[in-house]
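# Structural features, examined
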Amino acid sequence: MPPTLASLLHHSALRLTLRAGEGTLDVPVRWAHVSELPDPVPYMEGGELLLTTALKVDAEDPAEAGRYVRRLAAAGVVGLGFGVGVNYEKVPEALVDAAAEHGLPLLEVPRSTPFLAISKAVSAAIAADQYRAVTAGFAAQRELTRRALGDGPEGLLASLASQVDGWAALYDAAGAVVAVAPDWAERRAARLTPDVQRLRERQSPATAVIAGQPDEEDPARAAGARSPREGRPRTRDRDQDTGEDRVELHTLGTGRRPRSTLAVGTAAPLGTAERYAVHSAIALLTLTTERSRSLHAAEQRIGAAVLHMLLSGEAEHARTVAGDLYGGLLDAPFRVVVAECRGEELPAALEAAAAWAGEPVLVVPEEEQGRLVVLAADGGAALAACAEQAAALETAAERGGAAPAIGVSAPAGPTSVASAYKQAVQALAVARRRGRVLVEHEHMAAGSVLPLLADDAVRAFAEGQLRALRDHDATGRGDLVASLRAWLSRHGQWDAAAADLGVHRHTLRYRMRRVEEILGRSLDDPDVRMELWLALKATGNGNGGGGGHGGGTGRSGAPRSGA
């Protein structure tokens, strides 16, 4: 503990006597300063014990003594030491009354106690407190290192939370909580995700301090009982989580963008020993989460070579090159992810999630295409992080922001990577066409094929297919487009299609011959029927028809010709 007025009063060698202000003796003394100026305030910083004999102050004049004490109290001076036996044989009553009125502790200093002795006592107490803090900091560093080596980041966070008498949490590159200690702080840590994400936009290393707010769900809860040590709340359980704490956020990593973020929540500002513990935790977590750029680049080169071999069908060679770095990834089903890469956020999130889960992940940038290729364990943490990133990007896109597209293959093995890569690329194209962020290959066949036609190139092709028929209809010489739609929707059944159109079947037969003549194509060709039906759908002319009996393309695919 730093020196206080109470500890100085209990210092037997100083023989100080309290004359006023007994209510604030537990305030720390930052320094002891001697001044005989009538107004020493411009030279004070606050927190000092001012020592004086009142050479330039009429301490017996109530008005002047009141002004003098009022200025000291307003400047943050924690106490006034008055030396007797020099200018005044005893402390003037006017000064005692003024100190009592303004709540400023007034200490009588006997003639036998030089001011230098008081300054030395304060300095020695401050030095001792700093030494204790440094010693405690080194002890905390040793304990944090031991826990980090033995129990990983989770153990380190638990030790840090104990050291600061609060809680600690670790966030990944995307701002998601990956570890927290103690358990009761999990909800509090999750509420800070937006603040963590905002901090990531600043250049690393970055720090932010967030003042806690009462828990909206139960604002009447008490902040917890106080502990003797620095007046902080005792460790709380989950039901005592009020959120009324002070939180420091620190980004971790040596690059421009942080790989993770540390949050430390306490009931009061950190002391010197606690600050040492936090700085040690930052260093240890940085070593844990941040690999050197050269090592990361070397791993990426190995990963690119492994991916090239897998795509070339050289699975055994790829396994040999992968070794312990990526070999485990090839022993179980994995998925191939192809994503439009904009910045470092997605690869950082995937690598961070895989690192904390202890699973391998292969990340290879395709710089020429502006894409990222990822091989991640099926059902693993990296794929889960990918889905979380996609959900966040989807939300941002709904608000008007631009979002990249991501395609995910079906589960694959080392011998089917080329096929899985094609699946991921196809899913990526579908995601881009549908305006989605993430599409999995298995879901491409779900639902209707018609949304795939919502493409400018497809619509242009469809318009070209039907333009000659539309030009014919524009002259008023028959409704060939509607007749074609009805005939196709009825699978080439003349009577049913003619009934839908309200014409005789011979009229419909004539119109279909005209369609063949104008297009120069035979409707007996199933490929022609399929193309014309899709053209009608793509241009919005394939709806209706069929009266509910034969609408659409039928069960067997493209419409068929019938008698």
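Above this text sits the structure in question.
My aim in this report is to walk through the structure given alongside it, one point at a time. If you're wondering where the values come from, they're calculated on a predicted model, not measured in any experiment.

### Some details on the overall build of the protein chain
Across its full length, the protein chain carries 18 helices and 15 strands. Burial analysis of the protein chain (563 residues in total) assigns 45% to the buried set. A fraction of 65% describes how many contacts in the protein chain between residues 6 or more apart in sequence connect residues 24 or more apart. Accessible surface, the protein chain as shown: approximately 27400 Å² in total, 52% of it carbon and sulfur.

### A word on the packing of helix H15 (residues 480-489) against helix H16 (residues 494-501)
One can describe the packing of H15 onto H16 by two numbers: an axis separation of 8 Å at closest approach and a directional angle of 135 degrees. The orientation of H15 relative to H16 falls into the category oblique. The crossing of H15 and H16 is right-handed. In this structure, H15 contributes Ala482, Ser483, Ala486 and Trp487 to the contact, and H16 contributes Trp494, Ala497 and Leu501.

### Focus on the pairing of strand S7 (residues 177-181)
In this structure, strand S6 (residues 167-171) lies alongside S7, joined through 4 bridges in antiparallel fashion. Paired with leucine 170 across the two strands is alanine 179, which belongs to S7. Once S6 ends, the chain turns through 5 residues before running back antiparallel as S7, passing glycine 175 with a positive phi of about 95 degrees.

### So, a nonpolar patch on the surface
Residues Ile302, Val321 and Leu325 make up a contiguous nonpolar surface patch of about 190 Å² in total accessible area. Topologically, valine 321 is positioned in helix H9 (residues 315-326).

### Focus: the layout of surface pockets
Empty space among the atoms becomes visible once a probe the size of a water molecule is rolled across them. Of the voids in this model, the largest pocket is the one considered here, and its volume is about 570 Å³. Forming the boundary of the largest pocket are 21 residues, of which Gln197, Glu345, Gln389, Ala392 and Leu393 lie nearest the centre. Elements with a minimum of two residues in the lining of the largest pocket: helix H6 (193-200), helix H10 (345-357) and helix H11 (381-398). Top element by residues in the lining of the largest pocket is H11. It accounts for 6 residues. Looking at the lining of the largest pocket, its residues break down into 9 nonpolar, 5 polar and 7 charged.

### Some thoughts on the pattern of salt bridges
Working definition: two side chains of opposite charge can pair if their charged atoms are close together. In total, this model carries 20 salt bridges according to the counting rule given. We note a salt bridge from aspartate 195 to arginine 198, for which the minimum N-O separation is 2.6 Å. Of this pair, aspartate 195 and arginine 198 are both found in helix H6, 3 residues apart, which corresponds to roughly one turn of the helix. Assessed through its relative accessible area of 52%, arginine 198 is described here as exposed. In this structure, aspartate 378 engages arginine 335 in a salt bridge whose closest nitrogen and oxygen atoms are separated by 2.7 Å.

### Thoughts on empty space enclosed by the protein
If you walk through the whole model with that rule in mind, you get 1 cavity of 30 Å³ or more. As for the largest cavity, its lining consists of Thr52, Ala54, Val57, Ala59, Tyr68, Leu80, Phe82 and Leu95. For the lining of the largest cavity, the class distribution of residues is 7 nonpolar, 1 polar and no charged.

### Thoughts on the sheet that holds strand S5 (residues 106-109)
Read from one edge of the open sheet, 5 strands run S1-S5-S4-S3-S2, paired in mixed fashion. Two strands in the sheet have a free side with no partner beyond their single neighbour: strand S1 (17-20) and strand S2 (31-34). The mean angle between the axes of side-by-side strands here comes to 30 degrees, regardless of whether they run parallel or antiparallel. Both strand S3 (residues 48-52) and strand S4 (residues 79-83) contribute to a ladder of 4 bridges, which runs parallel. Looking at the pairing, threonine 52 lines up with phenylalanine 82 of S4. Here helix H3 (residues 93-102) sits on the sheet and contacts S1, S4 and S5; the angle it forms with S1, its principal contact strand, is near 75 degrees.

### Describing the pairing of strand S9 (residues 246-252)
The element S9 is extensively covered by neighbouring structure, given that 6 of its 7 residues are classed as buried. In terms of strand pairing, strand S8 (residues 207-211) meets S9 through 5 bridges, oriented antiparallel. In the strand pairing of S9, alanine 211 is matched with arginine 246. For S9 and strand S10 (residues 260-266), the ladder comprises 7 bridges, and the chain directions are antiparallel. Residue pairing in the sheet places leucine 249 in a bridge with alanine 263 of S10.

Reading guide: rules and limits
Residues numbered from 1 in each chain as written. Predicted model: local features only at pLDDT ≥ 70, side-chain atom pairs only at ≥ 80, totals over all residues. Heavy atoms only, no water. Helix = DSSP H or I, 4+ residues; strand = E, 2+ residues; numbered from the N terminus. Buried < 20%, exposed > 50% of the residue type's maximum accessible area, 1.4 Å probe, protein only. Contact = heavy atoms within 4.5 Å. Areas by Shrake-Rupley, 256 points an atom, 1.4 Å probe, with all protein chains shown as cover. Axes fitted to C-alpha atoms, helices over the stretch in contact; angles between N-to-C directions. Parallel < 35°, antiparallel > 145°, perpendicular 65-115°, else oblique. Left-handed = near helix turned anticlockwise from the far one by under 90°. Pairing = 2+ DSSP bridges. Patch = residues over 30% accessible without salt bridge, like charges linked within 9 Å, V, L, I, M, F, W, Y side chains within 5 Å. Salt bridge = Lys/Arg side-chain N within 4 Å of Asp/Glu carboxyl O. 1 Å grid on protein atoms, 1.4 Å probe; cavity = no way out; pocket = protein on both sides within 12 Å on 5 of 7 lines; lining within 4 Å. Points joined across faces, edges and corners; volume = space filled by probe spheres on them. Nonpolar A, V, L, I, M, F, W, Y, C, P; charged D, E, K, R; others polar.

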